[in-house]
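# Coordinates in review
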Amino acid sequence: MVDRQLAGRGITDERVLAAMRRVPREHFISRRQHGRAYDDGPLPIGCGQTISQPYIVALMLQHLCLTPASRLLEIGTGSGYAAAVAAEIVAEVFTIERHGQLAAQSRERLAQAGYGNLHVRHGNGYRGWPESAPFEAILVSAGSLEVPAELVDQLAPGGRLVIPVGTARYDQRLLRISKSADGEVHTESLDYVAFVPLVDARAVGPSPD
Ligand code: SAH
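Residues numbered from 1 in each chain as written. Predicted model: local features only at pLDDT ≥ 70, side-chain atom pairs only at ≥ 80, totals over all residues. Heavy atoms only, no water.

Further remarks concern the sheet that holds strand β4 (residues 92-97). Strand order in the open sheet formed by seven strands is β5-β4-β3-β6-β7-β8-β9, with mixed pairing between adjacent strands. Where the open sheet ends on each side, the last strands, each with one partner, are β5 (118-122) and β9 (185-193). Recorded for the sheet is a direction-independent mean angle of 15° between the axes of neighbouring strands. Note: strand β3 (residues 71-75) against β4, five bridges, orientation parallel. Along β4, the bridge assignment pairs Leu72 with Val93. Across the face of the sheet, helix α5 (residues 100-112) comes into contact with β4 and β5 while running at roughly 165° to β5. (Pairing = 2+ DSSP bridges. Helix = DSSP H or I, 4+ residues; strand = E, 2+ residues; numbered from the N terminus. Axes fitted to C-alpha atoms, helices over the stretch in contact; angles between N-to-C directions. Contact = heavy atoms within 4.5 Å.)

Given below as structure tokens:
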């Protein structure tokens, strides 16, 4: 998977490649899906959600330019896979999932895997995790209609936010928002992607279950 799907397609960040070699993707999917664990695509994880394609996880993490000193916030824990890969690289990971069932399941899996530097919260992450801000890296693992202002506020000076933005499931652009040391914000448009929707904090309550 790492040689063909990641390095073979231009992922060059050694930290990301090494982390993805270490994390067993089958640990984050149901037994029924084990035969497809290293397939080159997303897989269903229940609650109408998916574990992201390995290449997309690698691409997003590469765009965040992570270091061992970074503290990372993820919105959309899902299976917990991307959070586990990030936890292999950075100092601390904070991840939020709005489906109670997925949050509980990934919390258990991540604890089983022994990650002591990872915090899973059940709730709506649209407005971030202000008590633990600022973060050097923010990863939004679901497609949003816009860039939530609260997430930009919670970015540390010198930090980066990577988020898929677009109006349709198959018409999203991966954006990278960087904050300079003096707090200036710069947006770059990167690749085309397809993510399940990020649920707006205003439209729906904190969590469906
Ligand atoms: N990173 C995940 C991908 C999960 S898919 C993985 O590696 O498996 C995106 C997840 O975002 C879904 O589980 C969905 O329930 C969650 N989500 C969508 N909107 C959310 C919100 N506003 N707050 C928290 N989680 C959200």
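Residue Pro134 is reached from Ala133 by a cis peptide bond, and omega for that bond is 5°. Turning to its location among the elements, Pro134 is positioned in the loop between β5 and β6 (135-140). One non-glycine residue, Cys47, adopts positive backbone phi at about 55°. Backbone geometry at Cys65 places phi at a positive 50°, although glycine is not the residue there. Summarising the element assignment, Cys65 is placed in the loop between α3 (54-63) and β3.

Remember, this is a structural readout, not a statement about activity or role.
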